[in-house]
2 protein chains.
Amino acid sequence: LYSFVVIIVNEILRLNEDPNVQGLALDLQESLYSSKVLNAVKPEKDVDGLSSINLGRLIHGDAYNYLVPPAACAVMELLEDLGGKTVLLVGASGAVGAALQCMLQREGAVTVSCQWKAPQLQTKLHDADVVVVCSTKRDDVLLSWIKPGTTVISCSLHLLSGKRFFELSNMVKTTERWIQSQQYRKWDLRCLKLQPLSPVPSDIEISRAQSPKAVDVLAKEIGLLTDEIEIYGQTKAKVRLSLLERLKDQPDGKYVLVAGITPTPLGEGKSTVTIGLVQALTAHLSINSFACLRQPSQGPTFGVKGGAAGGGYAQVIPMEEFNLHLTGDIHAITAANNLLAAAIDARILHENTQSDKALYNRLVPAVNGVRGFSAIQLARLRRLGIYKTDPDTLTEEEVRKFARLDIDPSTITWQRVVDTNDRFLRKITVGQANTEKGFIRQAQFDIAVASEIMAILALTTSLQDMKERLGKMVVANDKKGEPVTAEDLGVTGALAVLMKDAIKPTLMQTLEGTPVFVHAGPFANIAHGNSSVLADKIALKLVGEKGFVVTEAGFGADIGMEKFFNIKCRASGLVPSVVVLVATVRALKMHGGGPNVTAGAPLKKEYTEENLQLVAGGCCNLQKQIQIAQLFGVPVVVAVNIFKTDSAAEVDLVCKIAKQSGAFDAVPCNHWSAGGGGAVKLAQAVEEAARQKTSFKYLYSLELPIVEKIRIIAQKVYGAQDIELSPAAQSQVDRYTQQGFGNLPICMAKTHLSLSHQPERKGVPTGFILPISDVRASIGAGFIYPLVGTMSTMPGLPTRPCFYDIDLDPITEEVKGLF
Amino acid sequence: LYSFVVIIVNEILRLNEDPNVQGLALDLQESLYSSKVLNAVKPEKDVDGLSSINLGRLIHGDAYNYLVPPAACAVMELLEDLGGKTVLLVGASGAVGAALQCMLQREGAVTVSCQWKAPQLQTKLHDADVVVVCSTKRDDVLLSWIKPGTTVISCSLHLLSGKRFFELSNMVKTTERWIQSQQYRKWDLRCLKLQPLSPVPSDIEISRAQSPKAVDVLAKEIGLLTDEIEIYGQTKAKVRLSLLERLKDQPDGKYVLVAGITPTPLGEGKSTVTIGLVQALTAHLSINSFACLRQPSQGPTFGVKGGAAGGGYAQVIPMEEFNLHLTGDIHAITAANNLLAAAIDARILHENTQSDKALYNRLVPAVNGVRGFSAIQLARLRRLGIYKTDPDTLTEEEVRKFARLDIDPSTITWQRVVDTNDRFLRKITVGQANTEKGFIRQAQFDIAVASEIMAILALTTSLQDMKERLGKMVVANDKKGEPVTAEDLGVTGALAVLMKDAIKPTLMQTLEGTPVFVHAGPFANIAHGNSSVLADKIALKLVGEKGFVVTEAGFGADIGMEKFFNIKCRASGLVPSVVVLVATVRALKMHGGGPNVTAGAPLKKEYTEENLQLVAGGCCNLQKQIQIAQLFGVPVVVAVNIFKTDSAAEVDLVCKIAKQSGAFDAVPCNHWSAGGGGAVKLAQAVEEAARQKTSFKYLYSLELPIVEKIRIIAQKVYGAQDIELSPAAQSQVDRYTQQGFGNLPICMAKTHLSLSHQPERKGVPTGFILPISDVRASIGAGFIYPLVGTMSTMPGLPTRPCFYDIDLDPITEEVKGLF
């Protein structure tokens, strides 16, 4: 057999290079389909779409994704009028089969489906006018059943040898065209004109004054195929992950991270810089670019003012769609998170109130007289080392092991969530109804974006990967101290089902009509605070080799950027090209010793009048954050986000110091008041910086002990002298290490208002010992999170929440008062 | 002035009848636009779209909805190439303005918007190539600003008098075409072929084997305009309420309610009958029909088996989309419900921890040095009888009245919700964190569909009406015993904003490709258990005069149907044509004395073998339910939902007794195993019955005292001898009456498993006294709900929830194990 493979591979390699061969289709015995053979076919010549697919995936049906689209094209091309014809699809299953049927039905065909080996196949073959065979296998019995005169279309060329079939040339032509359609498409983007007013109106007024392009138009402009998007209303669409497979050979664009210096409590405008930058790149410099943003929590939208869609003339539109339900991802996370929470308490109750036998009988009931384990239960048995498949053969001890999770209620770390600022749920007692038989316990609700499922959504790379991560989430320990996972509770599949649409990024647009992905928005303290890996990956393919993807990390660079590099880039394998570090004169004055800045209170005069001394004094923070980025080997461009009270001398001073401190460049930006036109210089600087050679590296090796990794971050990033673990923290570190979670990256939960753990210490604090009060873990998301002080995971509503200003006009359906 | 109006009206009436006049446009002084004048114009002749609009709404901008579409058509028609042209839209605001811009931009135009009186108008007019004026007013100053040579298009004919404007004829032509587009369109529906297998596969297998039509194709087939739908993925779309305005002169179709006899705990298949009936009507008898269904709660989907999309070959597809997030309506309800809950507790905390002055200063802060009340606060002041507008002029007493709601925590009736079966949230204590300063209280979570907001969604008739209902919701009493509403908390606008998309019904399809609305799914015990009024109203317009809308009422006819008539029909003003009463041999045997039927346990042999005596004995329940329907003056068709174990003799017997008991007809149905083809006889019987003259009437007058209304339902519907109120119930009745809520309809919260309050009493119980343990109110939804026994508003998860069987194939993205 081996020599055969060698001969075939050599022949394929020869045909690969033959300019007269436009496409290659394989017709081999099943035993010859080795990965060696499959990988030999050059992608450009690959008619069956078999190259770069490993055999396991081929057998599991992935090949259909390649085979069906040309089949549909072929049917439509070969038959002028499908109206009223009965088209039988053999073996076209799943979503792709459905798509194929849908395409044919739109042409007026009556479609009938049949599985490959189904008993009805013979009858159905007889009744069909057209037969489409979706399989890579040849089946002579099937061939013999087809009545003479039937049109047969096969997506696998080796079936075409029989004389009743369409000629090869047709097929090759169709397939060629299809291969074309699979390739990268140049953008043909029409930007929206912007005519900024002065004074700058409110965010919602600006958003409403601009008319977004229909999202299907935008999608087409940036090279998405019709079947790669799912439209949600006029201005939002989800993008399917299949695009990553289609464009897998397309080189990525440049990857830009927007981070910030240590901010004031008012924020320094990273989102507006992100959006201003892509507006400048695409609408003003005609360079493809994509902004990838986080979806905001709805809680604060109705609590304390402040949108997340950017602001002024650098916004995502329509901003009310961005800030409200969007495409339901956070709602899906809430549903999944709370299903798991309900399953934990219900399971404890059922275990506590039933004997082993009763529990087992309920878990493995007889259905129509037959008793069997479900797939998820068999998997659990195997994890327990029990390899039986007949429920009646388990020993009493095995029954007990299987039926009891023995969750220790005091160790439950999985909390319920709501996407509302509901402070009264910060600490609650549950289970107080009589029906719960006294099994009360203390619990809490977090804001939905603090759910580990949100952190997973942001880090996952595929549906399969997400499912695995969901299953691995640890929710508690059992009474022996072993971790209990979502998989142990049997809920992995249900969680994946609830999250199946949320995994697709949502496409929107900026005020100037350039594309934006909104996807995931994990908490920036107990989680990593970065938008999704999948959105970045898809965007990097779509912008093309010379394009730019700009994403944002929450909080200051010491937190968001550090997590972006050490956690998000590790999960994605992507290498960033440039860091844009956002600074404001306001924040620098604060670091230079200016008075306190508080949300809601008017700014002191130090911030509204020129004061070069305060600015100069505060630039140490900027310098330190530049140095942090340089630890990772990535060039830094400083963006000075201009406020109208900043003097030219102040701005010049910041730029000068930034360049002296090692920034590749430093430029002022006016995107808030001027749109992309106000960030052109920044865009040019970023483009220039992206041409630099980078030598990206992580800050620490995963193999180091947990404590060592924490120390490296504390010393090298925060500038701490050392760290100090509380006994509780130390014992958690020991437990996680013993449970085998020691080689995960670290996600520090620290205040963002200082490089240190003390919010009031501005500038660049030194000589401090960073106290680690506790250490927790998000095993599904894949990180350990040490707590530096207490972290609130549930915001509250103030005395006058901003919903006092929000209203809906029932006639025009316009939203009022939203920022 | 009056004589002028008379002359104008007479002239309009004459022109109305002149066959040479194709359209009428008014050009009058503003003072002459009275409703008399507006109403005189015949709709068919109405170019401005002014007929049947009352003046108040015209002034509020509704006229734009009529004026803008012809403007867009005119621009496209009059100008061959819009590419690169700058089109200025004057006064085109809101969603319609956005739509207009979008249409023009797709043609390559650059659009610029400007408000009517904006300072930039003159400059913009100068720069424009084309000016579109969206206004019914003439403005000579504006006219003088337009530079010579500019193309001007006006949607209001009186502007066309100037010579630079396009000729009237063009406009009339365009407008005529537009009027055409506004009219009812005949259906051109392509049904999907069904090839039922035997034995019947699982619901999800059947659903997946059928390929749904693309939802935009379906929408077009049933006469929806492109801008009346918002697509959500391939198979779901929201339908805009504007359709009700467009088709307001179109006669309604026939209105059919599907109700049931008193069911077993397994349910008797009302949903499958509903879907089977529309499949039969439309796919087999070519009669337009629409099914209107409730959206199911996601909680039970993962708890105890049982879908809500119908079953077998009478299903809504794709069933997994139907059963999961759908278009997010329940998530929106959850968000709105919980925002209100959080606002209540936060307000109590803030009032308890601040002086009157501090509270007032926070509620009415100075913004940029200026202090003012928000619109919502001014409204509250007026409700308190304070007519001041300057915050600094309130007396101490007025400040106190304004700033303090003084909610009595023990009277809070507003509960938090989740859409998860989470039994541990049935009774909880909230506020136990230190930050809440000891203001703990006992509370609970209900399942999301039990929220009053869900009941409102189902009963509302417009966005304006919904907003008013949301504002009226009573959440607690203050310390003086007065009701505190959502409006008092200032959250009405925010709730309306959260619900602005949920108010639009979701379009899906049956297995045979006929249309279905899914909208709202209020609890059938503490609420009314009926799908939405808006979905029914829109469907009644879409099916046309000879078409049918089939909707379903939860539980047995004694509950769901009674509430449908007395609550839902009262809210909608719609008059039902036919009641379909679903009966099964199984349930009738139970009423005839058969053994207990329990979910999960195998059926006893009485139910699987022929037993005419039990059937005959149980038909009393069927007879009673028929009589209940007749109380309302509506003809009844009995649908016997056939199971494979039913004998022909049993089915015949049921049909015979049903007809003897006053049913218009009684027919067996096989839709579950055969699709619409199995319900053709039912469809024919329903069509026949709908030709009967009905004399629909409510059961009680709203003016009767609360107790009297309860007694009428108990005696006439349930067959009780009398009712007995607990002291708590009586005091609630007194309170509601005193608070002015005495003339609301009654929504009984009673078990559905018996006509009486005792689930074990089958058949037709008599001689019982119905105990009313408590009485509550949903003021926003608009009903009083007496509790007959305790009602659980939060289901639990069993030992083996059905999520054990649910999984997602990460390659094909197929959902497995969902029913």
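Please read these numbers as outputs of a predicted model, since none were measured by experiment. (Residues numbered from 1 in each chain as written. Chains lettered and ligands numbered in written order. Predicted model: local features only at pLDDT ≥ 70, side-chain atom pairs only at ≥ 80, totals over all residues. Heavy atoms only, no water.)

Some points on the relation of the copies chain B and chain A
Spelled out, the test is: Least squares is used to superpose the copies, and the fit set is the C-alpha atoms of residues whose pLDDT is at least 70 in both copies. By definition in these notes, contact holds between two residues if any of their heavy atoms fall within 4.5 Å.
When chain B is brought onto chain A, the operation consists of a screw motion whose angular component is 180° and whose axial shift is 0.0 Å, with 0.1 Å RMSD remaining. Those values place the two copies in the arrangement expected of a two-fold rotation axis. Among all residues of chain B, the one whose C-alpha sits closest to the rotation axis is Y232(B), at a distance of 2.2 Å. The residues that chain B uses at the interface reappear at the interface of chain A in 100% of cases, marking a shared surface.

A few points about the interface of chain B and chain A
Rules: Buried surface area refers to the total accessible area, computed with a probe of radius 1.4 Å, that the two partners give up upon joining, counted for both partners together. By salt bridge we mean one thing: a side-chain nitrogen of Lys or Arg within 4 Å of a carboxyl oxygen of Asp or Glu. Helix numbers and strand numbers start at the N terminus; a helix is a DSSP run of H or I with at least 4 residues, a strand a run of E with at least 2. Residues are grouped as follows: Ala, Val, Leu, Ile, Met, Phe, Trp, Tyr, Cys and Pro are nonpolar; Asp, Glu, Lys and Arg are charged; every other residue, Gly included, is polar.
Taken together, the 109 residues of chain B in the interface contact 109 residues of chain A. Where chain B abuts chain A, roughly 9,400 Å² becomes buried across the two surfaces, and 60% of that area is made up of carbon and sulfur atoms. Of all residues in chain B, F424(B), T799(B) and Y804(B) give up the largest surface area on contact with chain A, accounting jointly for 9% of the area buried on that side. Remark: the boundary between chain B and chain A carries 10 salt bridges. Here the side of chain B that touches chain A takes 12 residues from helix α15 (residues 329-352) of chain B, the largest share from any one element. A breakdown of the residues in the side of chain B that touches chain A according to their chemical character gives 51 nonpolar, 31 polar and 27 charged.

Concerning the packing of helix α15 (residues 356-363) of chain A against helix α17 (residues 396-403) of chain A
All names here are of chain A. For the record, the criterion: Where helices are involved, their axes are fitted lines through C-alpha atoms of the stretch in contact, as for all axes, and angles between N-to-C directions lie from 0 to 180°. It is the rotation of the near helix from the far one that decides the hand of a crossing: anticlockwise by less than a right angle makes it left-handed, clockwise makes it right-handed.
Two elements in contact, α15 and α17, have axes separated by 9 Å at closest approach and are oriented at 65°. At the point where α15 passes α17, the crossing takes the left-handed sense. Contact residues: α15 offers D356, L359, Y360 and L363, while α17 offers V399, R400, F402 and A403. Here the contact of α15 with α17 is composed, by residue class, of 6 nonpolar, no polar and 2 charged.

Side note on the pattern of salt bridges
Which entries qualify depends on this criterion: When a residue's accessible area, from a 1.4 Å probe over protein chains only, is under 20% of the maximum for its type it is buried; when over 50% it is exposed; and in between it is partly exposed.
Scanning all chains against the criterion turns up 81 salt bridges over all chains. Close ionic contact of R691(B) with E688(B) constitutes a salt bridge, the shortest N to O distance being 3.2 Å. Judged by relative accessible area, R691(B) falls into the exposed class, the value being 55%. The salt bridge partner of D774(B) is R776(B), with a shortest N-O separation of 3.9 Å. Owing to a relative accessible area of 37%, R776(B) belongs among the partly exposed residues under this scheme. Linked by salt bridges that have partners in common, E230(A), R240(A), K500(A), D501(A), K504(A), K236(B) and E321(B) make up one network.

Structural notes on the side chain of T584(A)
Residue and element names in this part refer to chain A. Cut-off, in case you're wondering: Nitrogen and oxygen atoms within 3.5 Å of one another constitute a polar contact, given that in protein one can donate a hydrogen and the other can accept it, and given that sequence-neighbouring residues count only through two side-chain atoms.
Assignment of secondary structure puts T584 in the loop between β22 (578-583) and α23 (585-591). Side-chain polar atoms of T584 contact the backbone nitrogen of A587, separated by 3.0 Å. Setting aside residues no more than four positions away along its own chain, T584 makes contact with I261, E268, N641 and F643.

Details of helix α14 (residues 329-353) of chain A
As a reminder of what qualifies: Each helix should span, by expectation, one fewer than its residue count multiplied by 1.5 Å.
Spanning 25 residues, α14(A) covers 36 Å between terminal C-alpha atoms, matching the ideal 36 Å at 1.5 Å per step. Among the 25 residues in α14(A), 23 count as buried, and that is most of the element.

Here's the deal with the packing of aromatic side chains
The way to describe two aromatic rings as a pair is by their centre distance and the angle between their planes. Quick reminder of the rule: For Phe, Tyr and Trp, where Trp contributes only its six-membered ring, two rings pair if their centres lie within 6.5 Å, and the inter-plane angle classes them as stacked under 30 degrees, edge-to-face over 60, or tilted in between. Either the NZ atom of lysine or the CZ atom of arginine qualifies as a charge over a ring when it sits within 6 Å of the ring centre and within 35 degrees of the ring normal.
All chains considered together, the criterion is met by 26 aromatic pairs over all chains. Ring geometry for F290(A) against F517(A): centres 4.5 Å apart, planes inclined by 20°, an arrangement best described as stacked. Here F517(A) lies in strand β20 (residues 515-518) and F290(A) lies in strand β8 (residues 289-293), a separation of 227 residues in the sequence. Summarising the burial analysis for this pair, F290(A) and F517(A) share the class buried. Put simply, the rings of Y255(A), F564(A), F565(A), F632(A), F696(A) and Y698(A) pair up and form one aromatic cluster. When the ring centre of Y698(B) is taken as origin, the NZ or CZ atom of R570(B), which lies over that ring, is 4.4 Å away.

A word on unusual backbone geometry
With omega at -10°, the peptide bond leading from I317(A) into P318(A) counts as cis. Mapped onto the elements of the fold, P318(A) is located in the loop between β10 (314-317) and α13 (319-323). Note that the residue after S198(B), namely P199(B), is joined by a cis bond; omega there is -5°. Considering the arrangement of structural elements, one finds P199(B) in the loop between α8 (168-181) and α9 (203-209). Positioned with a positive phi, K437(A) is a non-glycine residue whose angle comes to about 55°. Locating K437(A) in the fold gives a position in the loop between β14 (428-430) and β15 (441-443). Residues other than glycine seldom take positive phi values, yet D406(B) does so here, at roughly 50°. Positionally, D406(B) belongs in the loop between α18 (396-403) and β13 (416-418).

Examining the confidence of the model for chain A
The predicted coordinates ought not to be read in detail in places where the model reports low pLDDT. Residue and element names in this part refer to chain A. Short version of the rule: Confidence scores here are pLDDT values: one per residue, from the predictor, ranging 0 to 100.
Taken over all residues, the pLDDT of chain A has a mean of 86, while the share at 70 or more is 84%. When the criterion is pLDDT under 50, residues 51-70 qualifies, and its contacts beyond four places in sequence or with other chains add up to 44 contacts. Between residues 155-178, whose pLDDT stays under 50, and residues either more than four places distant or in other chains, the model counts 58 contacts.

Notes on the pairing of strand β26 (residues 769-772) of chain A
Residue and element names in this part refer to chain A. Basically, it comes down to this: Paired strands, as defined in this entry, are two strands with at least two bridges between them according to DSSP.
Burial of β26 is one-sided: the residues L770 and I772 facing one way are buried, the residues I769 and P771 facing the other way are not. Bridge analysis of strand β25 (residues 722-725) against β26 gives 4 bridges, and the strand direction is parallel. Bridging from a neighbouring strand, L725 pairs with I772 of β26.

Some remarks on helix α22 (residues 533-543) of chain B
Residue and element names in this part refer to chain B. Counting buried positions along α22 yields 10 of 11 residues, so the element is predominantly enclosed. Here α22 has its buried residues at V533, L534, A535, D536, I538, A539, L540, K541, L542 and V543. At the N-terminal boundary of α22, the capping side chain belongs to S532, with an oxygen 3.4 Å from the backbone nitrogen of L534. Count one or two residues on from α22 and you reach G544, which has phi positive near 80°.

Details of the pairing of strand β23 (residues 636-641) of chain A
Side-chain direction in a regular strand flips from residue to residue, so the side chains alternate between the two faces of the sheet. Residue and element names in this part refer to chain A. How we decide: Handedness of a crossover: with both strands directed away from the viewer, a clockwise path from the first strand across the helix to the second marks it as right-handed.
Summarising burial for β23: 6 of the 6 residues are buried, a large majority. Neither face of β23 is exposed, since V636, V638 and V640 on one face and V637, A639 and N641 on the opposite face are all buried. Looking at chain direction, β23 and strand β24 (residues 665-669) are connected through 5 bridges and run parallel. Note that in β24 the partner of V637 across the bridge is D665. Between the parallel elements β23 and β24, the chain passes through helix α25 (residues 648-660) in a crossover that is right-handed.

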